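# Structure assessment
Listed here are the chains, written in short residue letters.
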Amino acid sequence: MSGGRLITIEGLDGAGKTTLARSLAAEISARGHAVELLREPGGVLVSEHIRALVQDPGLEISARAEALLYAAARAQLVEERLRPLLASGAIVLLDRYVDSSLAYQGAGRALGVQAVLAINRFATSALEPDRTLLLRISPAAGRARQRRRAAEPDRLERESEQFFARVADAYDELARAEPARVRILDGSRAPEHVLADGLAAIADLLALEPLARD
């Protein structure tokens, strides 16, 4: 894809994904690379409308419908933005991707990881990340960070401790299955240390020099 790279950022709610994504985008751009920061679900108009649906705490959405809505939002993003950006040679940082559905709907909702993987392979035409940064944090720590936010929790954020424990276990299993793609970062560290760890984890893809460390 003419040098384009897809780097996804994953983890539990409250793990610090958005903070890391923004910091990485700024750092990579400062080093002269063309970089685009996108989020899931979202990134294009259709997908942003779907985001509003799946996050609405006032809606009752079945587990299968939820998985299909996420896949539909992903399909539109891949077609409308991801493939053109990668073809142009851009570095795309994506806040959540298929692994989120495998963890949240496949494991958290107990739909089965392989079943959810199948619909997402169809949705994305099997477009895979070059690297995935998994921010690991305990479910309790993630929930504590969420409670400190001013915003009301969305529909998924209101799920039980058992739900998030299943999600966390699924993420760990995905990392064990694909160690070359998935790099685990300690989400409990200070943001500047997480950024340095993230840059180190993608340095081989982008020929980046590491940040100076204390």
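Above this text you will find the structure in question.
What this report covers is the structure whose coordinates are included nearby. None of these values were measured; they are calculated from a predicted model.

A word on the side chain of Asp13. Mapped onto the fold, Asp13 is located in the loop between strand 1 (5-11) and helix 1 (17-30). A polar contact of 2.8 Å, which involves the side chain of Asp13, links it to the side chain of Tyr104. Not counting the four nearest positions on each side in its chain, Asp13 is found in contact with Arg96, Tyr104, Gly142, Gln146, Glu157 and Phe164.

So, about the sheet that holds strand 5 (residues 182-186). Overall, parallel pairing links the five strands, which are arranged 2-3-1-4-5 in an open sheet. Looking at strand neighbours, the two that pair on one side only are strand 2 (35-39) and strand 5, the edges of this open sheet. Along the sheet, successive strands turn relative to each other by an average axial angle of 20°, direction set aside. Strand direction decides the pairing type here: strand 1 and strand 3 (residues 91-95), joined by five bridges, are parallel.

Moving on: the environment of Glu178. Examined against the element boundaries, Glu178 turns out to sit in the loop between helix 7 (161-177) and strand 5. Taking the C-alpha atoms as reference points, Glu178 and Arg121, 57 residues apart in sequence, are found 16 Å from one another. Within the local environment of Glu178, its side chain forms a polar contact with the side chain of Arg181, the two groups lying 3.0 Å apart.

Moving on: helix 7. With 17 residues, helix 7 should cover 24 Å at 1.5 Å per step; its first-to-last C-alpha distance of 25 Å lies within 8% of that length. Within the span of helix 7, buried status applies to Phe163, Phe164, Val167, Ala168, Ala170, Tyr171, Leu174 and Ala175. Relative to the axis of helix 7, the buried residues are bounded by an arc of 160° and lie together on one face. Exposed and facing more than 90 degrees away from the buried side of helix 7 are Gln162, Arg176 and Ala177. Against strand 1, helix 4 (98-108), strand 4 (131-136), helix 6 (139-147) and strand 5 lie the buried residues of helix 7.

Cut-offs used in this document
Residues numbered from 1 in each chain as written. Predicted model: local features only at pLDDT ≥ 70, side-chain atom pairs only at ≥ 80, totals over all residues. Heavy atoms only, no water. Helix = DSSP H or I, 4+ residues; strand = E, 2+ residues; numbered from the N terminus. Polar contact = N/O pair within 3.5 Å; in protein donor to acceptor, adjacent residues only side chain to side chain. Contact = heavy atoms within 4.5 Å. Pairing = 2+ DSSP bridges. Axes fitted to C-alpha atoms, helices over the stretch in contact; angles between N-to-C directions. Expected span 1.5 Å × (residues − 1). Buried < 20%, exposed > 50% of the residue type's maximum accessible area, 1.4 Å probe, protein only. Arc of directions from axis to C-beta.

Just geometry here; none of it tells us what the structure is for.
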